[in-house]
Amino acid sequence: IGPITVYGSYGYFVASNGTNYKIHRVDGSGAITQFGNFNSSGHDIAATTDYVAMMAVYNGSLYFTAYDGSNTNIYRYDGTKVYLLASAETLYSDNI
């Protein structure tokens, strides 16, 4: 289990399910759920990301990186939906 990042009423952390690493969240009651199904396009973050590397709260949103099987992507969660911001490989290749 990785460090907990607090965003809104939840604590978010990365934990292994035995095969890969997924984002989970806890609400303080002891109930832990796997984070997913929050994307506006129907993209299931939990099903398509294998290795979550970093999480940070900035300007009212939760940002995280996750590997989708092909690329490491940067995502933003606004409390309701997850948005794909960019592929980290694209950022590195553009020297940003």
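Residues numbered from 1 in each chain as written. Predicted model: local features only at pLDDT ≥ 70, side-chain atom pairs only at ≥ 80, totals over all residues. Heavy atoms only, no water.

Regarding the pairing of strand 6 (residues 61-67)
Reasoning step 1: Counting buried positions along strand 6 yields five of seven residues, so the element is predominantly enclosed.
Reasoning step 2: Connecting strand 6 to the antiparallel partner strand 7 (residues 72-77) that follows it, the hairpin turn spans four residues, and glycine 69 within it adopts a positive phi of roughly 105 degrees. (Buried < 20%, exposed > 50% of the residue type's maximum accessible area, 1.4 Å probe, protein only. Helix = DSSP H or I, 4+ residues; strand = E, 2+ residues; numbered from the N terminus. Pairing = 2+ DSSP bridges.)

With respect to the side chain of asparagine 73
Reasoning step 1: Tracing the chain through its elements places asparagine 73 in strand 7.
Reasoning step 2: Exposure remark for asparagine 73: the relative accessible area of 4% places this residue in the buried category.
Reasoning step 3: Separated by 3.4 Å, the side chains of asparagine 73 and tyrosine 75 make a polar contact. (Polar contact = N/O pair within 3.5 Å; in protein donor to acceptor, adjacent residues only side chain to side chain.)

What about the environment of phenylalanine 13?
Reasoning step 1: Along the chain, the position of phenylalanine 13 falls in strand 2 (residues 10-16).
Reasoning step 2: For the pair phenylalanine 13 and methionine 55, spaced 42 residues apart in sequence, the C-alpha to C-alpha distance is 8.3 Å.

Topic: the sheet that holds strand 3 (residues 21-26)
Reasoning step 1: The strand order across the open sheet built from four strands is 1-2-3-4, with neighbouring strands paired in antiparallel fashion. What marks the edges here is a single partner per strand, and that holds for strand 1 (5-7) and strand 4 (32-34). Neighbour-to-neighbour, the strand axes of the sheet open up by a mean angle of 35 degrees, direction not taken into account.
Reasoning step 2: With six bridges joining them, strand 2 and strand 3 adopt antiparallel strand pairing. Looking across to strand 3, one finds that glycine 11 is bridged to valine 26. (Axes fitted to C-alpha atoms, helices over the stretch in contact; angles between N-to-C directions.)

Considerations on unusual backbone geometry
Reasoning step 1: At asparagine 59, a position not held by glycine, the phi torsion is positive, near 50 degrees.
Reasoning step 2: Mapped onto the fold, asparagine 59 is located in the loop between strand 5 (51-58) and strand 6.
Reasoning step 3: Accessibility expressed as a relative area gives 69% for asparagine 59, which makes it exposed.

A closer look at the packing of aromatic side chains
Reasoning step 1: In the structure shown here, the tally under the stated rule is six aromatic pairs.
Reasoning step 2: Their ring planes at 70 degrees and their centres at 6.2 Å tell us that tyrosine 12 and tyrosine 77 sit as a pair that is edge-to-face. Here tyrosine 12 is found in strand 2, whereas its partner tyrosine 77 is found in strand 7, with 65 residues between them in sequence. The exposure classification of tyrosine 12 matches that of tyrosine 77, with both residues buried.
Reasoning step 3: Here the aromatic cluster, defined as three or more aromatic residues joined through ring pairs, consists of Tyr7, Tyr10, Tyr12 and Tyr77.
Reasoning step 4: Cation over ring: arginine 25 sits above tyrosine 10, and NZ or CZ is 4.1 Å from the ring centre. (Phe/Tyr/Trp six-rings, centres within 6.5 Å; stacked < 30°, edge-to-face > 60°. Lys NZ or Arg CZ within 6 Å of the ring centre and 35° of its normal.)

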